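The chain contents come next:
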Amino acid sequence: MIKFFLMVNKQGQTRLSRYYEHVEINKRTMLEAEVIKNCLSRSKDQCSFIEYKDFKLVYRQYAALFVVVGINETENEMAVYELIHNFVEVLDKYFSRVSELDVSFSLSEIHLSLSFWSMFQFILSS
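Here's a quick rundown of the structure. What you see is a predicted model, and the numbers here were worked out from it, not measured in a lab.

Definitions and cut-offs
Residues numbered from 1 in each chain as written. Predicted model: local features only at pLDDT ≥ 70, side-chain atom pairs only at ≥ 80, totals over all residues. Heavy atoms only, no water. Pairing = 2+ DSSP bridges. Helix = DSSP H or I, 4+ residues; strand = E, 2+ residues; numbered from the N terminus. 1 Å grid on protein atoms, 1.4 Å probe; cavity = no way out; pocket = protein on both sides within 12 Å on 5 of 7 lines; lining within 4 Å. Points joined across faces, edges and corners; volume = space filled by probe spheres on them. Nonpolar A, V, L, I, M, F, W, Y, C, P; charged D, E, K, R; others polar. Axes fitted to C-alpha atoms, helices over the stretch in contact; angles between N-to-C directions.

### Re the pairing of strand β2 (residues 14-19)
Thinking step 1. When strand β1 (residues 2-9) meets β2, the two strands line up antiparallel, connected through five bridges. Each bridged residue has a counterpart across the sheet, and for Leu6 the counterpart in β2 is Ser17.
Thinking step 2. With antiparallel pairing between neighbouring strands as the criterion, β1 and β2 make up a hairpin whose turn holds four residues, including Gly12 at a positive phi of roughly 90°.

### Considerations on the layout of surface pockets
Thinking step 1. Here the largest pocket defines a volume of roughly 290 Å³.
Thinking step 2. Around the largest pocket sit Lys3, Phe4, Tyr19, Glu21, Val23, Lys27, Met30, Leu31, Glu34, Lys53, Asp54 and Phe55, which together line it.
Thinking step 3. Of all the secondary-structure elements, those providing two or more residues to the lining of the largest pocket are β1 and α1 (25-40).
Thinking step 4. Among the elements that take part in the lining of the largest pocket, α1 stands out by supplying four residues, more than any other.
Thinking step 5. Tallied by class, residues from the lining of the largest pocket come to six nonpolar, no polar and six charged.

### What to know about the sheet that holds strand β3 (residues 49-52)
Thinking step 1. The strand order β2-β1-β5-β4-β3 describes an open sheet built from five strands, whose pairing is antiparallel. What marks the edges here is a single partner per strand, and that holds for β2 and β3. Strand-to-strand twist of the sheet, defined as the mean angle between neighbouring strand axes without regard to direction, takes the value 20°.
Thinking step 2. Here seven bridges tie strand β4 (residues 55-62) to strand β5 (residues 65-71), and the two strands are oriented antiparallel to one another.

Note that every value here comes from positions in space, so none of it alone points to a role or purpose.
Next comes the structure, spelled out in structure tokens:
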């Protein structure tokens, strides 16, 4: 199951966050900072899957944006990795090459796309 979805830039600023489990605001800030630090500190040669606390991180970099998904231990990392790519492809079609500005100024459209994407992911897993 997906626990959270983040889109961050290379400077470590969160551009979009969506949580599928309740996490208090102050804990979200700490969690995002640690997750972003772990993902941005890795080189391109390293694996895009990270074991972190009681869940796994799956991330993918697209130009200046990182997409990070937190999943539980039983979820298939490769399936989530491909779902991230499919989601970014959908955004590319909608925005004609999605950029950080598109994410910043079109949050409602991206949240709607993310809702459909997560619903599709739920259907696939059942």
